[in-house]
Amino acid sequence: MKFMKLGSRPDTFFTTEAVRSVSSEISSDLIVQVKGSRYLLHKFPLLSKCSRLQRMCFESPEKNSQHQIVQLPDFPCGIEDFELCAKFCYGITITLSAHNIFSVRCAAEYLQMTEDVEKGNLICKLEVFLNSCVLSGWRDSIVTLQSTKSFPLWSEELGITSRCIETIASKVLAHPIKTNLSRSYSRRGGRDDVSCNGSESLRHNKPLSKDWWAEDLAELSIDLYWRIMIAIKSGGRVPSNLIGDALRIYASKWLPNISKYANHSDSNSIGKHRLLLESIISLLPAEKGAASCSFLLKLLKAANILKASSSSKMELARRVGLQLEEATVGDLLIPCVSKTSDTIYDVDIVMTILEQFMLQGHESPPTSPPRRIKGDFERRRRSRSAENIDLEFQGSRRSSSASHSSKLKVAKVVDGYLQQIAREEKLPLSKFISIAEAIPEFSRLDHDDLYRAIDIYLKGHPGLKKNDRKRLCRMLDCKKLSMDVCMHAAQNELLPLRVVVQVLFFEQARATMSGGHVTELPSNIKALLDDTSKTSASFTNVSNDDQWSTSGKISTLKIKLTEDHLDENYVDGIGRSKASCVFPTRPKRMFSKLWSSNRSVASEKN
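Residues numbered from 1 in each chain as written. Predicted model: local features only at pLDDT ≥ 70, side-chain atom pairs only at ≥ 80, totals over all residues. Heavy atoms only, no water.

Notes on the packing of aromatic side chains
So the rule is basically this: Working definition: rings of Phe, Tyr and Trp (its six-membered ring) pair if their centres are within 6.5 Å, and the pair is stacked with planes under 30 degrees apart, edge-to-face with planes over 60 apart, and tilted otherwise. Secondary structure follows DSSP: runs of H or I at least 4 residues long count as helices, runs of E at least 2 residues long count as strands, and numbering of each begins at the N terminus. Burial classes: relative accessible area under 20% of the type maximum marks a residue as buried, over 50% as exposed, and values in between as partly exposed (1.4 Å probe, protein chains only). Any Lys NZ or Arg CZ that is within 6 Å of a ring centre and within 35 degrees of that ring's normal is treated as a charge sitting over the ring.
This model, assessed by the stated rule, comprises nine aromatic pairs. Each ring, one from F13 and one from Y90, has its centre 6.0 Å from the other, and the planes form 85 degrees; the classification is edge-to-face. Placement of the pair is F13 in strand 2 (residues 13-16) and Y90 in helix 3 (residues 79-90), with a sequence separation of 77 residues. On the accessibility criterion, Y90 (10% relative accessible area) is buried. Members of the aromatic cluster, connected to one another through ring pairs, are Y39, F75, F82 and Y110. Sitting over the ring of Y110, R52 keeps its end group 4.1 Å from the ring centre. Against the face of W254 rests K253, its NZ or CZ located 6.0 Å from the ring centre.

As structure tokens, then:
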């Protein structure tokens, strides 16, 4: 830290009975009262350099008295600053540095120690030291800027705040990412004491990281920090990712343990932190990726707790939506502090983020038009679900595109998020389904995680009505379930019977297509599959015109199961445990009915 010494005489100030005096052969003739303290001084050295004291003594009715009294009730600084100015008038040695130059400068300005009174007066010397030494150093500029908080009106009037901000921003713009720039003072222990009118002491030049300036600026209050960051951003030379890192460092310093304010009653503290948060949000660079998704979601959590403005929340949600593929499940678990909601986590804001994600240029991968099939009969008989299967397959082949790849990642995160929120007893079914359906169907290459989320929701909501269970399970695509999940689903007592039948059929169809056999299923399920296989085998004896592809059977069965009303009361009435024994006979009759209807249609064609 740089310093300057003025004067050469030894310090002769002393205290007697709460009165500060100067040791001198000449008796004092001036009493100055400032900040509750009394100084017994001499007119000649002070009046020769202080224009204000000259005028006050001249206008005082006691100007001819032996001890003229001058009161300074509106003195802006402390008594130590007045004493430094008085010592300068006596020629006593004083030491100035970045820590006290601003306050002494304000005191000198108040006393009007200008060049009009005497050449080489204190104000002139302070300005030279400030411009040539203090503002040339990085750390000195920050220390001086911090000291201006004590007297904001004086600092703005004297222009010291703006000069400090300008020089700090210029230093960052000159060396935005260089690592060989050393600061004049290291708060990690190193010192660099340089006298502007003397010799240098220890100098340590240590290499710095690319965000060397962010750590130092994090010490500033939000109003000063905001002005500096605006100046840095307007310079256009600092990469947006470095600005994002700087904001993250500042937020981690000033917004720690923000969750403690969730039920805090101190409105002043909450308001202070809310202002700080919204200022940080306003400083976020517009470029995508300037701030990490994790950092943005932490800000969003803080915004919820501190009850930030809706515009700030929407801005964060929009930015998170731009890079949602970087998020984790833990990042999305945003606590809900609304008194109108009974849920632990804020599901609505996550829904908003997903909507923003879908709107930010992430278009679905292009798909070819449906393949036309020869023959009027086949064109009429081809169901919409079968066409959708082809479209999903064609869409999955285009998953190499960037937007589609991000959707695949987001789908995994959303399914993991659904598993977390599904445990909440008061989570409405509509919100759970809205979150699940916010992701395009082609983004889920498998439905294992979605099934686990649905299973958790069913267990956490045992009183769910039958129609609601059907509505919930309608999102599942049984073709996209793995073998292990199919085994679990086939024995899941909470699933609607229609879903269990679909799972069993698709698993059998998959085994048939691969030429393998289902060997790991329980005995009752294998019995059902064996009966289904026999029915399918008898069907293959029909003419070749009636033979459908496996996908066609799957699609038709899917539609048939949707249209037919299965008598689930039959299974519920005898109990799921007993149903596993009699279950094979019921799907067999249903499949037989389906195959017989196919034969009749085929005969009509012939």
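We are not done yet, so read on.
Here we look at helix 14 (residues 310-322)
Which entries qualify depends on this criterion: To estimate the expected span of a helix, count its residues, drop one, and scale the result by 1.5 Å. Any pair of residues with heavy atoms lying within 4.5 Å of one another is described as a contacting pair.
The first and last C-alpha atoms of helix 14 sit 18 Å apart over 13 residues, in line with the 18 Å expected at 1.5 Å per residue. Buried residues of helix 14: S312, L316, A317, R319, V320, G321 and L322, and no others. The inward-facing, buried residues of helix 14 abut helix 12 (267-283), helix 13 (293-305) and helix 16 (347-359).

Some thoughts on the side chain of Q419
Which entries qualify depends on this criterion: Under this definition, polar contacts are N or O atom pairs within 3.5 Å; protein pairs additionally need one hydrogen-donor-capable and one acceptor-capable atom, and for neighbouring residues in sequence, both atoms have to be side-chain atoms.
Position of Q419 among the secondary structure elements: in helix 19 (residues 402-421). Under the relative-accessibility criterion, Q419 is labelled buried at 17%. Engagement of the side chain of Q419 in a polar contact is seen with the backbone oxygen of D449, the distance being 3.3 Å. Contact partners of Q419, with chain neighbours within four places excluded, come to D449, R452, A453 and I456.

Overview of the pattern of salt bridges
Inclusion rule: A carboxyl oxygen of Asp or Glu within 4 Å of a side-chain nitrogen of Lys or Arg is what we treat as a salt bridge.
Following the criterion strictly, the structure yields 18 salt bridges and no others. The residue R318 makes a salt bridge to E315 at a minimum N-O spacing of 3.1 Å. Here the residue R318 and the residue E315 both occupy positions in helix 14, the gap between them amounting to three residues, near one helical turn. A relative accessible area of 28% means that R318 is categorised as partly exposed. For K412, the salt bridge is made with D449, and the minimal N-O distance between the two is 2.8 Å. Of the two residues, K412 sits in helix 19 while D449 sits in helix 21 (residues 448-460), which places them 37 residues apart along the sequence. Judged by its relative accessible area of 17%, D449 falls in the buried class. Three or more residues are tied together by salt bridges with common partners; here these are D11, R20, E83 and K87.

Some points on unusual backbone geometry
Located in the positive-phi region is K35, a residue other than glycine, with phi close to 55 degrees. Position of K35 relative to the elements: it lies in the loop between strand 4 (30-34) and strand 5 (37-41). Exposure remark for K35: the relative accessible area of 48% places this residue in the partly exposed category. Located in the positive-phi region is Q112, a residue other than glycine, with phi close to 60 degrees. Positionally, Q112 belongs in the loop between helix 4 (101-111) and helix 5 (122-134).

As far as function goes, none of this settles anything; it's purely spatial.
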